Amino acid sequence: MSNVIIRPDWQLPDSRITPERAYRDRRRFLREMGFAGGGLLTATLAERAALAAEAKGLYPAKRNIAYSPADLQTSKERAFTTYNNYYEFSTDKEAVVDRVDKFVIAPWPVKIHGLCEKPFTADAQELAAEFGVEERVYRFRCVEAWSAVVPWTGFELRKLLEKVQPKPEAKFVKFVTAFRPEQMPGVTRLRGYPWPYTEGLRIEEAMHPLTLMATGVYGKALPKQNGAPIRVVVPWKYGYKSGKSLVSIELVAEQPKTLWETLSPEEYPFESNVNPAVPHPRWSQASERQVDTGDRIRTLPLNGYAVQVGSLYKK
Ligand SMILES: Nc1nc2c(c(=O)[nH]1)N[C@H]1C(S)=C(S)[C@@H](COP(=O)(O)O)O[C@H]1N2
Ligand SMILES: [Mo]
């Protein structure tokens, strides 16, 4: 470097940027962005390209067969990724995918903070690279009685929580989605909603190895409509517990107020475990419609994860 004119990376032809340097500078850039708490406007095209290139290296990830039952057949990718609940964009499930263009997903600082010893902020892609990602095939059950079998790519939330060292008084984890009305065309029509989209888990639920931070699906980085660049996936709970496009993961002492519970506590209580025996006030939860085949199948207690998580709910 010493005998060349030092210019910013984006003025150099690609061939002159060594991957290591680009990577190191990118990490520093993202760290600074993270601590500055924003920086959307300063993201350069070169930066976005670097992120995309690195994200590509993570997918497809190796499938963890211990968490991917052999008898589960994944739903068709197109069916799952074009039928979305993401109210910040639209309440029409088939329209969400066409309304996400303006949503900027890199850089993406995520704050992991609250009642812990070592809070930090890191970019979503950095988290994926740091903790390492794997593929897991999970059942996914929406409270509206449709379902899918989804090959997520991600890492266990507990790894992230262990890193920040929760304090003993941390009893819940609060998840907050980005809120950017100028990029999210659905929110203007839902002005009365208690935005941002907020969800929560008990800390024991958040620490369970099934609870995944997903950064990819179907062997690729998450598409925007499915919660890019990072979301939580809690496979034994109704889908609304799995908040999308998270910007904050906070350890708290009190049960957090969630968007859906605030709107309608009888219909969408905090715990919201999949339970075929307890109907929604307006419909049965005994069965579910598979999103790709349209077939109806029986809903399983705890969405088929009773062996793994049942002990969390023993009275
Ligand atoms: N921020 C945010 N997260 C969200 C939602 C939402 O509207 N906004 N919808 C929830 C609901 S009801 C479901 S069923 C799942 C749908 O996820 P998918 O579109 O990837 O299938 O996301 C959940 N997470
Ligand atoms: Mo849902």
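Just so you know, these numbers come straight off a predicted model, no measurement behind them. (Residues numbered from 1 in each chain as written. Chains lettered and ligands numbered in written order. Predicted model: local features only at pLDDT ≥ 70, side-chain atom pairs only at ≥ 80, totals over all residues. Heavy atoms only, no water.)

Trainee: What is the right way to read the pairing of strand E4 (residues 146-156) from this model?
Mentor: Within a regular strand, the side chains alternate between the two sheet faces. Counting buried positions along E4 yields eleven of eleven residues, so the element is predominantly enclosed. Looking at chain direction, strand E3 (residues 134-141) and E4 are connected through eight bridges and run antiparallel. Among the inter-strand pairings, phenylalanine 140 is bridged to a residue of E4, identified as alanine 148. Strand direction decides the pairing type here: E4 and strand E11 (residues 287-290), joined by two bridges, are parallel. (Buried < 20%, exposed > 50% of the residue type's maximum accessible area, 1.4 Å probe, protein only. Helix = DSSP H or I, 4+ residues; strand = E, 2+ residues; numbered from the N terminus. Pairing = 2+ DSSP bridges.)

Trainee: Quick question: what am I supposed to make of unusual backbone geometry here?
Mentor: Residues other than glycine predominantly adopt negative phi, and peptide bonds predominantly adopt the trans conformation. For the bond running from tyrosine 59 to proline 60, omega is -5°, close enough to zero to count as cis. Mapped onto the elements, proline 60 comes out in the loop between helix H2 (45-58) and helix H3 (77-81). Residues alanine 106 and proline 107 are joined by a peptide bond in cis, for which omega reads -5°. As for its position among the elements, proline 107 is in the loop between H3 and strand E1 (109-114). Of note in this structure, tyrosine 218 is not a glycine but carries a positive phi near 50°.

Trainee: Which parts of the structure should I look at to understand the site of ligand 1?
Mentor: If you check the shell around ligand 1, you find 18 residues, and the closest are Tyr87, Glu88, Asn226, Arg231 and Lys244. One of the side-chain nitrogen or oxygen atoms of asparagine 84 is found 3.0 Å away from an oxygen atom of ligand 1. Interatomic distance of 2.8 Å between a backbone N/O atom of tyrosine 87 and an oxygen atom of ligand 1. Of the pockets mapped on this structure, ligand 1 occupies the second largest pocket. Across the shell around ligand 1, the residue classes break down as eight nonpolar, seven polar and three charged. (Near = heavy atom within 4 Å. Polar contact = N/O pair within 3.5 Å; in protein donor to acceptor, adjacent residues only side chain to side chain. 1 Å grid on protein atoms, 1.4 Å probe; cavity = no way out; pocket = protein on both sides within 12 Å on 5 of 7 lines; lining within 4 Å. Sits in = over half its atoms within 2 Å of the grid points. Nonpolar A, V, L, I, M, F, W, Y, C, P; charged D, E, K, R; others polar.)

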